[in-house]
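Residue-level listing of the chains:
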Amino acid sequence: MNIIELKNVDTIYEGEKIPAIYNINFSVKRGEFVTVIGPNGAGKTTLLETINGILPYTSGEGYVFNREIKRNREYIRKKIGYVIQNFEIDPLAPFLCRDIVMTGRAGKLGLFRFPGETDWQIVRSMMDLLGVKEFERRPVGKLSGGEFQKILLARALAQEPELLLLDEPFSNLDIYSRRNVEDILSELNEENNVTIVMVSHDLNMIPVNCSRILVMDKGRIILDAKSDNVDVSDLIEIVFSKSGNQ
Amino acid sequence: MIELPFKLLITSIIGASLAGFVCSTIGVFVVQMNLSSIGYCMSHAAFAGAAFGLLIGIDPLLGAIAFSIFTAFLLGPISEKAKLNVNVIIGVMFSIMIALAFIFLNLIPGQAATGVALRILWGSIFSVTHNDLLFLVFLSAVIIIFITVFYKEILSILFNRKLAEASGINTRIFYFIILFLTGIGVSLSLKLVGGLLVFALIVNPASSVYQFFYDFKKIIVFAPVIGVLSCLLGFWFSLLTDFPIGSSIVIVSALVFAFSIIVSPKRRRG
């Protein structure tokens, strides 16, 4: 069963004439682990935000969980965990880590419902899983880039998503943390059947357990293959010699 | 020191406390969402609306509410959709509102109306009526219910609007409710603090409290405390010095802010 289905999709940013992604034909089955790679400006983030409906596609058809994206944005988003590309956080921001992780459950819980003990247990267990449990009462603005990235991942996992969309999830992580997060993602994918689509501009960031690799350049998908069939040196040739900017 | 009849004194104290509560609580959202310039524009729209109300012979409060809600509904979508810099649009709107306010004031015939208009400009405890207090009580209740019921959504949006949207929250509706509450809060506090200064009462107490806490719950609790205290101290200072009440409240709240910056534990090294 396809969990994501995009047919001839173009997405144009407001005020722009040229699509950021175009003629995208892309489907993902439940339980797949897909890595999208490409140079900066290839359209990777646009692809993720088209899938969760943050950016409405301008032509074509898009379905997630068998529901048309534009008409069911809130429904599908409640089942999608999203990790945004690292953003600047004010060092004085008035938010504690545990509260930020809990915000991951806000949409899923729905209006007029308050987080209960079960929700807080999930928050604590996700923070524990990512090794940031001791930061529960720490302000988010006081964390290092890597620690903050783990809080964002814990936030996405606390949503108990069926689909995870990860935008450069390993940025700011040291090699040890990166392996740890990779293991967690693999476990979620293999044992809990969570579908994962992650993007990266760095070939070295492709997780070992990813089942499929998509290469994007200048808004198009230029390669879509099982990871076993892809040679990294071919990827380097395809992505980086063409773009000429890496 | 000015001596007031007991009933007027009580009305003024309650009015100042409620305006302080409403404005500083709304201020928590306005400051964190960087809506200061939008709110500033709305306070001047409320002032223009009050002047318009006087001109056509209706309650200035109704005019203020109508103009500030109109501005909220205009600025909300514009700030989301416009390809122009939002600050440019706000700058234009702000100047239009001030221009309209002065045109309306200029058109009001007679000295009495001018006196009322000036009270709207500078604020006056004498113009706060029993009905104004009831409206402020009602708005305070609405704000408390809004925060209590939608705390998780509000926190999510204040942290990062895109992530909140991506997790299935309809952020637009909350954004508009916050703008709407700001407009109403500004309008209801207009008579007390004055059209030119009401926005300081929104920004100053909330900004002061942000200097002390990392826990958002504490900010939501203590911002109204600082807001109410600023208003009461400002009121007392106004009686003491015979300065306009709006100016007195703003001076007190600005001093509290300056003190907060100096002693802020969040800004201390080590």
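Each remark here, short or long, concerns the structure printed above.
Residues numbered from 1 in each chain as written. Chains lettered and ligands numbered in written order. Predicted model: local features only at pLDDT ≥ 70, side-chain atom pairs only at ≥ 80, totals over all residues. Heavy atoms only, no water.

Draft legend 1. Spotlight on the pattern of salt bridges. All names here are of chain A. Enumeration over the complete set of coordinates arrives at 13 salt bridges over all chains. Across the salt bridge formed by Glu-117 and Arg-124, the nearest N and O atoms sit 2.6 Å from each other. On the basis of relative accessibility, which here comes to 48%, the residue Glu-117 falls in the partly exposed class. Across the salt bridge formed by Asp-217 and Lys-218, the nearest N and O atoms sit 3.8 Å from each other. The class for Lys-218 is exposed, based on a relative accessible area of 54%. (Salt bridge = Lys/Arg side-chain N within 4 Å of Asp/Glu carboxyl O. Buried < 20%, exposed > 50% of the residue type's maximum accessible area, 1.4 Å probe, protein only.)

Draft legend 2. Geometry of the environment of Gly-76 of chain B. Along the chain, Gly-76 of chain B turns up in helix H3 (residues 60–81). Taking C-alpha positions, Gly-76 of chain B is 8.8 Å from Ile-38 of chain B, a pair spaced 38 residues apart along the chain. (Helix = DSSP H or I, 4+ residues; strand = E, 2+ residues; numbered from the N terminus.)

Draft legend 3. Representation of the packing of aromatic side chains in the model. This model, assessed by the stated rule, comprises 17 aromatic pairs over all chains. Geometrically, the ring pair formed by Phe-29 of chain B and Phe-146 of chain B is edge-to-face, given 6.2 Å between the ring centres and 80 degrees between the ring planes. Taken as a pair, Phe-29 of chain B in helix H1 (residues 6–32) and Phe-146 of chain B in helix H6 (residues 130–149) lie far apart in primary sequence, 117 residues in all. Grouped by ring-pair contacts, the aromatic residues Phe-95 and Phe-148 of chain A together with Tyr-151, Phe-159 and Phe-216 of chain B constitute a single cluster. When the ring centre of Phe-65 of chain A is taken as reference, the NZ or CZ atom of Lys-79 of chain A above it lies at 5.2 Å. One cation-aromatic arrangement involves Arg-178 of chain A over Phe-170 of chain A; the distance from NZ or CZ to the ring centre is 5.6 Å. (Phe/Tyr/Trp six-rings, centres within 6.5 Å; stacked < 30°, edge-to-face > 60°. Lys NZ or Arg CZ within 6 Å of the ring centre and 35° of its normal.)

Draft legend 4. Spotlight on a negative patch on the surface. A surface patch of negative charge is lined by Asp-183, Glu-187, Glu-190 and Glu-191 of chain A. Tracing the sequence through the fold places Glu-187 of chain A in helix H7 (residues 175–191). (Patch = residues over 30% accessible without salt bridge, like charges linked within 9 Å, V, L, I, M, F, W, Y side chains within 5 Å. Areas by Shrake-Rupley, 256 points an atom, 1.4 Å probe, with all protein chains shown as cover. Lys, Arg positive; Asp, Glu negative; His and termini not counted. Charge placed at Lys NZ, Arg CZ, Asp CG, Glu CD.)

So far we have only geometry, and geometry alone does not tell us how the molecule works.
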